[in-house]
Amino acid sequence: MFCVAHPAERFICSQPWYASLPATLQEAVRSGVYQTEGAKGEVMLPVGSQVEGWHAVLQGLVTLRSPACKARTSAFIGIPDGEWFGEGSALKAEARKYEVVALRPTSLLCLPLPLFHTLRDTSLAFNQFLVQHMNLRLGQAMAIIEAGRIRSPEHRVALYLSRLFWRSTRRLNLTQEELGQLAGLSRQTVNRVLQALEAAGIVTLDFGRVAIVDDEALNAHLAATALV
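Structural notes, computed from the coordinates.

What counts and what doesn't
Residue positions within a chain follow its written sequence, with the count starting from 1. This being a predicted model, a pLDDT of at least 70 is required before a residue's local features are given, and a value of 80 or more before pairs of side-chain atoms are given or counted; all residues contribute to the totals for chains, interfaces and linings. Just so you know, side-chain values use all the structure's heavy atoms and leave hydrogens and water out. The helix and strand labels rest on DSSP assignments: H or I over at least four residues marks a helix, E over at least two residues marks a strand, and numbering proceeds from the N terminus. Only protein chains enter the area calculation, which uses a 1.4 Å probe; residues under 20% of their type maximum are buried, those over 50% are exposed, and those in between are partly exposed. Residues count as neighbours in contact if any of their non-hydrogen atoms are within 4.5 Å of one another. Residue-level accessible areas treat just the shown protein chains as cover; the underlying method is Shrake-Rupley with a 1.4 Å probe. One less than the residue count of a helix, multiplied by 1.5 Å, gives the span that helix is expected to have. Think of the arc as the fan of directions from the helix axis to the C-beta atoms. Just to be clear on terms, a salt bridge is a Lys or Arg side-chain nitrogen sitting within 4 Å of an Asp or Glu carboxyl oxygen. Between any two strands, at least two bridges found by DSSP are needed for them to pair. Fitted lines through C-alpha atoms give the axes, limited to the stretch in contact for helices. The angle between two N-to-C directions lies from 0 to 180 degrees. The term nonpolar core refers to a set of buried residues drawn from Ala, Val, Leu, Ile, Met, Phe, Trp, Tyr and Cys, joined through side-chain atoms within 4.5 Å. For classification, angles of less than 35 degrees are called roughly parallel, those exceeding 145 degrees roughly antiparallel, those between 65 and 115 degrees roughly perpendicular, and all remaining angles oblique. Three classes are used: nonpolar for Ala, Val, Leu, Ile, Met, Phe, Trp, Tyr, Cys and Pro, charged for Asp, Glu, Lys and Arg, and polar for all others, with Gly counted as polar.

Secondary structure summary: the chain contains nine helices and 11 strands in total. Put simply, the chain has 228 residues, and 47% of those count as buried. For the chain, the proportion of contacts with a sequence separation of at least 24, taken over those separated by at least 6, is 71%. Here the chain displays about 11300 Å² of accessible surface, and carbon together with sulfur accounts for 56% of that area.

Below you can see the structure in the form of structure tokens.
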């Protein structure tokens, strides 16, 4: 079946593991996924809540945040549209250990747990995708831990602009406030760092958008600020 009618169906049909599924399982996945909507600032998935499935951001931007982070307004990780998250929670039979907060109006997609486990049990392509995805998340987590220890605003902003977190685009529809929430920095600090990156020819700035124009220079900046 060719998927055209609904954004959720189009998203599912575009996944690299979908085409190899038998027709009956394709239909089960298409009909089984569901959407939820969240306003800016809304906790869409609370800490301690029962895990219902594996989630993806269809549209918008969310941050995964532990309750202890609230006072510092810092995030564990940001998830842009087109990305899956919560595979660790889906794999474990325990309550959610972090909250998922919408940084802008957001639509989430949920692949329910029974379907998630069926795909794990029957699809090699799904498992390969899941392993690659978890490896990416591990790399992101290690980078965030290291950046938190370094405590350099220049390094943290550059990190959250890098391809480690934004693989599909170098024109980020990201406000300075949102970037500050992801990096755990004030908007004023983010503005100062971005202005310096723009002066160095690494990024260009527009209203609500940051474009990375020189990835090699951004990587060099990351390496240099890691030593500060």
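Here the narrative resumes, following the displayed structure.
Between its terminal C-alpha atoms helix α8 (residues 187–199) stretches 18 Å, which fits the 18 Å expected from 13 residues at 1.5 Å a residue. Those residues of α8 not exposed but buried are Val-190, Val-193, Leu-194 and Leu-197. An end-on view of α8 places all buried positions within 100° of arc, on one side of the element. Among the exposed residues of α8, those pointing more than 90 degrees away from its buried face are Gln-188 and Ala-199. Note on α8: the residue one or two positions beyond its end, Gly-201, has a positive phi of about 80°.

A few words now on the pattern of salt bridges. Using the criterion set out here, one finds eight salt bridges in the structure. With a closest N to O distance of 4.0 Å, Glu-83 and Arg-137 form a salt bridge. One end of the pair, Glu-83, is in the loop between β5 (77–80) and β6 (84–85); the other, Arg-137, is in helix α5 (residues 124–150), and 54 residues separate them in sequence. Glu-83 sits in the buried class, given a relative accessible area of 12%. Measuring nitrogen to oxygen at the nearest pair gives 3.6 Å for the salt bridge that ties Glu-94 to Lys-97. Bridged by salt links that share partners, the residues Lys-92, Glu-94 and Lys-97 form one connected network.

Residue classification places Arg-137 among the buried positions, given a relative accessible area of 14%. The contacts of Arg-137, once residues within four sequence positions are left out, are Ile-77, Ile-79, Glu-83, Trp-84, Phe-85 and Glu-87.

Here we come to the sheet that holds strand β4 (residues 61–65). The antiparallel open sheet is built from four strands, whose spatial order is β2-β7-β4-β5. The open sheet has two edge strands with one neighbour each: β2 (43–45) and β5. Neighbouring strand axes in the sheet, compared pairwise and without regard to direction, differ in orientation by 35° on average. In the sheet, β4 pairs with strand β7 (residues 99–102) via four bridges, with the strands oriented antiparallel. Bridge pairing in β7 links Val-62 to Ala-102.

On to the nonpolar core, then. Note on soluble globular proteins: their nonpolar side chains tend to be buried together. Counting 39 residues, the largest nonpolar core has Val-62, Phe-85, Val-157 and Leu-161 as its most contacted members. Ranked by residue count, the leading element in this core is helix α6 (residues 153–161), at five residues. Once residues within four sequence positions are removed from consideration, Val-62 is found in contact with Met-44, Val-57, Ile-77, Gly-78, Ile-79, Phe-85, Val-100, Val-101, Ala-102, Leu-103, Thr-106 and Leu-108. One finds Phe-11, Trp-17, Ala-56 and Ala-90 within the second-largest nonpolar core, a separate group that totals 23 residues.

Listing the buried residues of helix α4 (residues 113–122) in full gives Leu-113, Leu-115, Phe-116 and Leu-119. All buried residues of α4 lie within an arc of 165° about the axis, which places them on one face of the element. Residues Pro-114, Asp-121 and Thr-122 are exposed on α4 and point more than 90 degrees away from its buried face.

The four strands are arranged β1-β8-β3-β6 in an open sheet whose pairing can be described as antiparallel. In this open sheet, the two strands that pair with only one neighbour each are β1 (34–38) and β6. Strands in contact with α4 are β3 (53–59) and β8 (106–112); relative to β8, the strand with the most contacts, it is inclined by about 60°.

Angle between the axes and distance between the axes are the two parameters that describe a pair of packed helices. The N-to-C vectors of α6 and α8 enclose an angle of 75°; their axes lie 10 Å apart at closest approach. One finds that α6 runs roughly perpendicular with respect to α8. Contacts between α6 and α8 involve Pro-153, Glu-154, Val-157 and Leu-161 from the first element and Thr-189, Val-190, Arg-192, Val-193, Leu-194 and Leu-197 from the second. Counted by class, the contact of α6 with α8 contains seven nonpolar, one polar and two charged residues.

Structural measurements only, silent on function.
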